[in-house]
Amino acid sequence: MPGPGATDGNALVVIDMINTYDHEDAELLTPSVARVVPVLAELIGRARDTGVPVVYVNDNFGLWRSHHGELVAAALARPHADLVEPIRPDDDSLFVVKARHSIFYDTPVSYLLWQLGVGTVVLTGQVTEQCVLYSALDAHIRHLDVTVPRDAVASIHPGLGSAALDMMERNMGARIVPAKEVDFRPRA
């Protein structure tokens, strides 16, 4: 594995997928999430198999005293546990709690990625037109390469999700590809 500060590695970032789906847009979002979960589960498995770090960056549902295990338990106790179970963090997964849309806003994600020697982030999760878009922009301004597997991100509004993917590609130089084209090469 590259040392701190090296930037030849990549990381799979799973955004806001540990979710209770207890919010006003859940009815619009869950069909898109249901399509993404099998693709994301396969992508997470490939990353784990090749030693690529899997970093979950997740909203905290306003539960500021909770830790990631409690967030996972809360999501698994809700009616949409089937959308969480196949992609739940394992013991090797990294987990960062965030307060706002971007994975970088007031979190240690920049430092974590630097420590891991990451130069490319593969952004997955929800919501394409919000948290994924803002995270892609913040990754871009931090000089990280960004890949977004179009079939591993979920949207509330499909038209806005498509527009967000176009913006990431055109304005931020992100690679927008099918998940099967994401290449996780084993680290030396």
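Structure first, text after, so check above.
Asker: So what exactly am I meant to see when it comes to the packing of helix H4 (residues 128-141) against helix H5 (residues 158-172) here?
Answerer: To describe two helices that pack against each other, one gives the angle between their axes and the distance between the axes. Viewed as axis vectors pointing N to C, H4 and H5 meet at an angle of 10°, and their least axial separation amounts to 9 Å. In terms of axis orientation, H4 runs roughly parallel to H5. Contacts between H4 and H5 pair Thr128, Glu129, Val132, Leu133, Ala136, Leu137 and His140 from the former with Leu160, Gly161, Ala164, Leu165, Met167, Met168, Asn171 and Met172 from the latter. Looking at the contact of H4 with H5 residue by residue, the class counts come to 10 nonpolar, four polar and one charged.

Asker: Please explain the pattern of salt bridges as it appears in this structure.
Answerer: If charged atoms from side chains of opposite charge come close, those side chains can pair. The tally for this structure, following the rule as stated, stands at six salt bridges. Its salt-bridge partner being Asp59, residue Lys98 comes within 3.0 Å of it at the nearest N-O pair. Taken together, the residues span a long stretch of sequence, with Lys98 in strand S3 (residues 94-98) and Asp59 in strand S2 (residues 54-59) at a distance of 39 residues. A relative accessible area of 1% places Lys98 in the buried class. Since its relative accessible area comes to 27%, Asp59 is described here as partly exposed. Where Glu85 meets Arg88, a salt bridge forms, and the shortest distance between an N and an O atom there is 3.0 Å. Assessed through its relative accessible area of 41%, Glu85 is described here as partly exposed. A single salt-bridge network, built from bridges that share partners, covers Asp16, Asp59 and Lys98.

Cut-offs and rules
Residues numbered from 1 in each chain as written. Predicted model: local features only at pLDDT ≥ 70, side-chain atom pairs only at ≥ 80, totals over all residues. Heavy atoms only, no water. Axes fitted to C-alpha atoms, helices over the stretch in contact; angles between N-to-C directions. Helix = DSSP H or I, 4+ residues; strand = E, 2+ residues; numbered from the N terminus. Parallel < 35°, antiparallel > 145°, perpendicular 65-115°, else oblique. Contact = heavy atoms within 4.5 Å. Nonpolar A, V, L, I, M, F, W, Y, C, P; charged D, E, K, R; others polar. Salt bridge = Lys/Arg side-chain N within 4 Å of Asp/Glu carboxyl O. Buried < 20%, exposed > 50% of the residue type's maximum accessible area, 1.4 Å probe, protein only.

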